[in-house]
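Letter by letter, the chains look like this.
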Amino acid sequence: MAICLDLFLVSDRYDAADGQDPRTAEWPPHPGRGFAALRSVADDDELFVLRELERRPPPVVHASAAISVGRSRAYVVTNTLAAGGGNLSHPGRTSGLRERRSAYPQQSRVQFVWTSDDAFDDKSVALLDALARRVPYLGRSTSVVLMGARRVDSVEAPPGLDVFEPVDDGSGDIQLRVPYAGYVDELNVLYEQGHSTWQASDGARARHWYRQVTSHESPLQGSTSASSEATVFRSAYHDLIVLRFIDRRPAGRLTPVFTAALRSMVMGQTANPLPPALHGHGYDGNPHVAYLGLPVCGSPFADGHLVGLAVAIPGMDEAERRRILRGILGPEGRGVVDLRVPGFRSEFTLEYRPDQPLPRSAADWHWTRPSKQWVTATPIVLDRYPKDGDLAAGVLQSVVLSGLPEPALVEVSTAALTSGAVHLAPRELPRRARGRLYCHARLHFDRQVAGPVLAGAGRYFGVGLFQPEASEGDRRASQ
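No experiment lies behind these values; they were computed from the predicted model shown. (Residues numbered from 1 in each chain as written. Predicted model: local features only at pLDDT ≥ 70, side-chain atom pairs only at ≥ 80, totals over all residues. Heavy atoms only, no water.)

### Remarks on the overall build of the chain
A count of helices and strands for the chain gives 10 helices and 24 strands. Residue pairs in contact within the chain that sit at least 24 positions apart in sequence constitute 79% of those at least 6 positions apart. Here the chain has roughly 21,900 Å² of accessible surface; of this, 48% comes from carbon and sulfur atoms. (Helix = DSSP H or I, 4+ residues; strand = E, 2+ residues; numbered from the N terminus. Contact = heavy atoms within 4.5 Å. Areas by Shrake-Rupley, 256 points an atom, 1.4 Å probe, with all protein chains shown as cover.)

Structure below.
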């Protein structure tokens with residue numbers, strides 16, 4: 001058994017330098033840097049999972065050995081204060097010439113694989129994955145990254161990646177910074193004192209020798225198989241990319257307008273050939289990329305305004321996935337999106353900030369966490385007209401047609417079943433869903449279902465989004 005931390009470099013480059021020699025591009029990414037990124041987004045009550053991870057032996061690293069190195073020079077603001085500071089935007093501060101190196105690997109995917117996870121139960125693995133998904137970048141802020149974590153029985157290096165294996169006899173050809181027992185505490189002290197985190201990796205314990213081996217020599221060779229609770233049904237959507245509104249929050253009833261604009265932008269920015277999951281043509285029977293509006297709902301003061309938009313990406317070929325991710329975040333991977341929406345004079349600015357846990361409606365974990373009970377945040381549009389007008393039977397049929405397990409119980413209503421849920425008039429539905437029956441619903445499953453949960457005829461265009469909620473049994477258990 002092993003724990004795998006999976007990274008994807010959105011902009012096809014890695015902007016980071018060795019802590020001891022800033023003129024040298026760091027490659028492959030050091031496990032210690034990835035660990036420090038996890039610590040930067042973790043709350044105090046979440047540190048236990050990092051303390052367990054830091055006690056593991058150094059991880060195996062999967063990364064492309066073939067890279068090119070780029071160099072850039074620019075004047076940047078320094079922390080040095082001077083009466084005649086030469087920076088116009090920051091009076092009293094000086095500017096200094098900095099030279100930076102970037103690594104451009106042939107493959108933008110990197111994995112850290114810890115071969116021992118005896119202390120990790122399903123809850124710990126889920127928490128580690130949630131932390132990884134909050135990390136916005138690795139190295140400099142220009143290196144936008146998507147991260148996730150999972151338990152695996154064994155793993156081969158993905159196609160195109162090489163294996164960097166830790167060695168204990170000093171016979172390796174490269175040193176990488178790695179976490180060690182006490183690493184979390186060291187990072188905490190450095191942060192409190194205002195020092196750089198790389199200094200926690202400046203000792204013998206933190207620098208481990210690695211050697212490059214061919215992928216078929218990997219000590220973890222075998223088929224990949226994610227381990228999870230047998231009772232949890234996993235959504236077909238492996239990625240939920242959330243973009244947060246920065247200064248304006250549109251009304252929930254405008255969800256179809258904004259999701260249509262987002263779809264147009266993503267398709268326009270995605271490199272050809274467009275993946276079939278993106279346009280949907282000739283892809284019947286398989287889940288498509290879905291565009292979602294995220295309303296504030298389910299709390300006593302929920303007002304239903306949109307705090308963000310999201311793109312749900314199903315499992316697919318890695319090359320197609322990369323093209324879609326760059327179509328969402330832009331080829332530069334800045335993490336800032338300017339969205340032009342028909343009917344509005346100015347663009348809406350959205351930001352990719354997975355490190356921010358609040359508001360919860362703008363956090364991917366809120367829509368993906370497992371639950372036995374789900375309620376509509378946007379109404380579900382029925383795929384077929386139900387016999388005898390039975391809405392509950394129609395909802396159940398649409399849920400099953402969407403690839404979800406059959407609910408044990410379905411509640412339906414023409415009004416919202418949770419505070420802040422979006423109400424749409426017939427003319428406000430997505431164009432492809434107009435003329436069909438629609439309603440709000442609550443689904444009760446006999447097992448945990450992990451989201452995002454999307455169902456119905458308009459699930460790819462902003463309607464049919466469900467939000468997890470605690471069941472009566474869960475509430476009684478927590479009291």
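### Observations concerning the sheet that holds strand β14 (residues 237-245)
Pairing within the open sheet is antiparallel, and its five strands lie in the order β15-β16-β14-β18-β17. The sheet terminates laterally at β15 (290-295) and β17 (336-339), the two strands that pair on one side only. Shown here is a sheet whose adjacent strand axes are inclined to one another by a mean of 30 degrees, direction ignored. Taken strand by strand, helix α5 (residues 255-269) contacts β14, β15, β16 (306-314), β17 and β18 (348-351), and its axis lies near 140 degrees from that of β15. (Pairing = 2+ DSSP bridges. Axes fitted to C-alpha atoms, helices over the stretch in contact; angles between N-to-C directions.)

### With respect to the sheet that holds strand β12 (residues 207-213)
Spatially, β9-β1-β8-β5-β10-β12-β11 is the arrangement adopted by the seven strands of the open sheet, whose pairing is antiparallel. Of all the strands in the sheet, just β9 (145-152) and β11 (174-177) have a single pairing partner and so form its edges. On average, each strand axis in the sheet is inclined to that of its neighbour by 25 degrees, with strand direction left out of account. Of the strand pairs in this sheet, strand β5 (residues 60-63) and strand β8 (residues 109-114) are connected by three bridges, and their pairing is antiparallel. Note on β8: the bridge partner recorded for His 62 is Gln 111.

### Quick look at the side chain of Asp 15
Within the secondary structure, Asp 15 sits in strand β2 (residues 14-15). In contact with Asp 15, not counting residues within four places along its chain, are Arg 101, Ser 102, Leu 138, Gly 139, Arg 140, Thr 142 and Ser 143.

### Notes on the nonpolar core
Core analysis: the biggest nonpolar cluster contains 44 residues, and Leu 5, Leu 38, Leu 50 and Leu 128 have the highest contact counts within it. Apart from the residues within four sequence positions on either side, Leu 50 is in contact with Phe 35, Leu 38, Arg 39, Ala 42, Leu 128, Leu 131 and Val 184. Leu 146, Ile 313, Met 316 and Leu 325 belong to the second-largest nonpolar core, a separate cluster that totals 33 residues. (Core = buried A, V, L, I, M, F, W, Y, C linked by side-chain atoms within 4.5 Å. Buried < 20%, exposed > 50% of the residue type's maximum accessible area, 1.4 Å probe, protein only.)

### Notes on the packing of helix α1 (residues 31-41) against helix α2 (residues 47-54)
Running from amino to carboxyl end, α1 crosses α2 at an angle of 165 degrees, the nearest separation of the two axes being 10 Å. As summarised for this structure, α1 and α2 are arranged roughly antiparallel, according to the angle between their axes. α1 and α2 meet at a crossing whose hand is left-handed. Along the contact surface, α1 presents Phe 35, Leu 38 and Arg 39, while α2 presents Leu 47, Leu 50, Leu 53 and Glu 54. (Parallel < 35°, antiparallel > 145°, perpendicular 65-115°, else oblique. Left-handed = near helix turned anticlockwise from the far one by under 90°.)

### Looking at the confidence of the model for the chain
When pLDDT is averaged along the chain, the result is 82, and 82% of the positions lie at 70 or above. The low-confidence segment residues 475-479 (pLDDT under 50) makes one contact with residues lying over four places distant or belonging to another chain. (pLDDT = per-residue confidence, 0-100.)

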